[in-house]
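Structure assessment
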Amino acid sequence: MDDFIWRALAAGIGVALVAGPMGSFVVWRRLAYFGDTLSHSALLGVALGFVLGINLNLAVVAVCLTIALLLVALERQRLLESNTLLGILSHSALSLGLVVLAFIESVRIDLMGYLFGDILAVTNQDLAWIYGGGALTLIALAMIWRPLLAVTVHEELAQVEGVNVAATRLAFVLLMALVISVAIKIVGILLITAMLILPAAAARRLARNPEGMAALAALAGMIAVAGGLAASLTWDLPAGPAVVLAASLLFAISAALPRRGGARG
Amino acid sequence: MKKGDLCVRLSDVSLSFGRRRALSDVSLSLHRGEIVTVIGPNGAGKTTLLRIVLGLEKADSGTVFVKPGLRIGYLPQRLRIDDTLPLTVRRFLALQPRVASGVAAALAQTGASHTIDLPVQRLSGGEMQRVLLARALLREPDLLVLDEPVQGVDVAGQAEIFALIRRIRDERQTAVLLVSHDLHLVMAATDEVVCLNHHVCCSGHPATVARDPAYRALFGDDAAAFALYAHKHDHAHDHGADPHG
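Owing to the predicted nature of the structure, the values given are computational and were not obtained by experimental measurement.

**Points about helix 2 (residues 32-52) of chain A**
Working note: α-helix, 3.6 residues per turn, so residues spaced by three or four point in the same direction. In a regular helix each residue adds 1.5 Å, so 21 residues correspond to 30 Å; helix 2 of chain A covers 30 Å between its end C-alpha atoms and thus fits that length. Backbone geometry just downstream of helix 2 of chain A places Gly53(A) in the positive-phi region, at approximately 65 degrees.

Structure, rendered in structure tokens:
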């Protein structure tokens, strides 16, 4: 097989390894729409990266964090409900990104690649970012695992018990931004949330504890990447959507599994 | 009863959210081994008062004294854990910082041993309160703060949970601050009642409060029945005061 296929597989597996545990938290904390907002704003990051001539990944992380902080500030005003604010930020950022990209005439930009991913065009440099950023994310996530879980269960209970809730939440948002910058190349900004929540949702039925669910989600993600890539090569499908569809299939299979007996819980 | 060390003292505490006044010149003190119940109608600022004691909310004015190093066990009003999170009671109890052992013993103390391997989402209202109490006990608290501890618990279970809270107080000399909008049971299970409707309407021994005009004004006809209820407990041999008589 050609090199580009192995690079694609390695990149996809790297993303799945991080997306599993992070996606589990997105599901537990009901942050799917928040994930969408951050990933949509990533296109603005790409556009600004081009305009300012800085590293695109860093620009993505920076813009995602800015949007997240903006959301916190808007929520404090209590003018609009959170979901409405997310919708406003999400689509404003996406549109702004598209407009800025349209203004850049000097660079030919593969817009479809950023929207839906371009896994078959992964370079060695991309791989380095995926595994470097991915490893960093996983190590940091392991370090904040228990406080983050406590905050997920009940923020104020955690705070009374001495967890630094604000710092934990900020760390989580930072990790979300990192994951998005890592996953853009693989599935594109429009499908990143799918890569986060589908494997986690598929893992739920089989998991007995949070760590088990995170690990199973990573595994489901890797299977989806391998299956989606294979389907993409066999039937000439767009790779990013094929990977997401493979994950959807895994979720459908797990949802169809018979319920476990009540006593075993 | 002789009062223990001072744990918490609020003096003339006020707090507004925007133009809405939540608390107005509220004072309250809490000693070791004492059970203080805050009652009042919905939206009277009860939970806000607890949040100030817990340090989750800052008062606009007034002073808040919490004894340095005070360990607080907190039972929030509602704990909805998403169904997607696979979490057993055992893990739930071990989630807090600095707790590794004693989970089973804490559950045994609150009568919830059978739940240890159940997913938290499957607990009934009463079981959840017992599990939350166990989680609080693991911290060996000096102060227990309970927000509507018997909400969603059946009547028999309510009495058991209040009995449990009193037993914990007796055994550990824990200070207890609890909130309720439900008058039943509270009157008999507390040392001091604070009647709150943004400001303190009246406070004191349950029997005294029950006879207070401000209390009756706040709770209307219900209050009269409770005056009798409290009275009955005060004078166990006075059959004339039996509300059912």
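**Points about the sheet that holds strand 2 (residues 20-31) of chain B**
Residue and element names in this part refer to chain B. Taken in spatial order, the 3 strands make up an open sheet running 2-1-4, and their pairing is antiparallel. Looking at strand neighbours, the two that pair on one side only are strand 2 and strand 4 (61-66), the edges of this open sheet. Across the sheet, the axes of successive neighbouring strands diverge by a mean angle of 15 degrees, strand direction being ignored. Alignment of strand 1 (residues 6-17) against strand 2, held across 8 bridges, turns out to be antiparallel. Across the sheet, Arg 9 pairs through a bridge with Ser 29, a residue of strand 2.

**Some remarks on the packing of helix 2 of chain A against helix 10 (residues 192-204) of chain A**
Residue and element names in this part refer to chain A. Taken N-terminus to C-terminus, the directions of helix 2 and helix 10 make an angle of 150 degrees; their axes are 8 Å apart at the nearest point. With respect to helix 10, the axis of helix 2 lies roughly antiparallel. Pair helix 2 / helix 10 crosses with right-handed handedness. Seen from helix 2, the contacting residues are Ala 32, Gly 35, Asp 36 and Ser 39; seen from helix 10, they are Ile 192, Thr 193, Leu 196 and Ile 197. Among the residues making up the contact of helix 2 with helix 10, the classes are represented as 4 nonpolar, 3 polar and 1 charged.

**Regarding unusual backbone geometry**
Not every positive phi belongs to a glycine, and Asp236(A) is a case in point at roughly 60 degrees. As for its placement among the helices and strands, Asp236(A) is situated in the loop between helix 11 (210-235) and helix 12 (239-256). Positive phi, close to 45 degrees, is recorded for Glu140(B), a residue that is not glycine. With respect to the helices, strands and loops of the structure, Glu140(B) is situated in the loop between helix 4 (125-137) and strand 6 (143-147).

**Re the nonpolar core**
Membership of the largest hydrophobic core comes to 161 residues, with the highest contact counts inside it found for Ile180(A), Ala183(A), Met195(A) and Ala247(A). Non-local contacts of Ile180(A), meaning those with residues more than four positions away in its chain, are made with Leu38(A), Ser39(A), Ala42(A), Val60(A), Cys64(A) and Ile192(A).

**Considering the pairing of strand 6 of chain B**
All names here are of chain B. Of all 5 residues that make up strand 6, 5 are buried, and the element is covered over most of its length. The side-chain alternation of strand 6 yields two buried faces, one formed by Leu 143, Val 145 and Asp 147 and the other by Leu 144 and Leu 146. Note: strand 5 (residues 72-75) against strand 6, 4 bridges, orientation parallel. From the neighbouring strand, Tyr 74 faces strand 6, where its bridge partner is Val 145. The sheet contact formed by strand 6 and strand 7 (residues 175-180) spans 5 bridges and is parallel. Within the sheet, the bridge partner assigned to Leu 146 lies in strand 7 and is Leu 178.

Reading the values: rules and limits
- By convention here, each chain's residues receive numbers from 1 onward along its written sequence.
- Here every chain gets a letter starting at A, and every ligand a number starting at 1, in the order they are written.
- Given that this is a predicted model, residues contribute local features only at a pLDDT of at least 70 and side-chain atom pairs are listed and counted only at 80 or more, while totals for whole chains, interfaces and linings are drawn from all residues.
- Runs of E in the DSSP output that reach at least two residues are strands. Runs of H or I that reach at least four are helices, and both are numbered from the N terminus.
- One fewer than the residue count of a helix, multiplied by 1.5 Å, yields its expected span.
- Any two strands are treated as partners once DSSP identifies two or more bridges connecting them.
- Axes, fitted as lines to C-alpha atoms, cover a helix only where it is in contact. Angles between the N-to-C directions of the axes lie from 0 to 180 degrees.
- Angles are sorted into four bins: roughly parallel if under 35 degrees, roughly antiparallel if over 145, roughly perpendicular if 65 to 115, and oblique for all others.
- A crossing counts as left-handed when the near helix is turned anticlockwise from the far one by less than a right angle, and as right-handed when that turn is clockwise.
- Residues are defined as contacting one another if the C-beta atoms placed from their backbone atoms lie within 7 Å.
- Three classes are used, and their members are as follows: Ala, Val, Leu, Ile, Met, Phe, Trp, Tyr, Cys and Pro are nonpolar, Asp, Glu, Lys and Arg are charged, and the others, Gly among them, are polar.
- To form a nonpolar core, buried Ala, Val, Leu, Ile, Met, Phe, Trp, Tyr and Cys residues must be joined through C-beta atoms within 7 Å.
- Any residue with 12 or fewer other C-beta atoms within 10 Å of its own C-beta is exposed, any with 20 or more is buried, and the rest are partly exposed; the C-beta atoms used are placed from the backbone.

The quantities given are spatial measurements derived from coordinates; they are silent on function.
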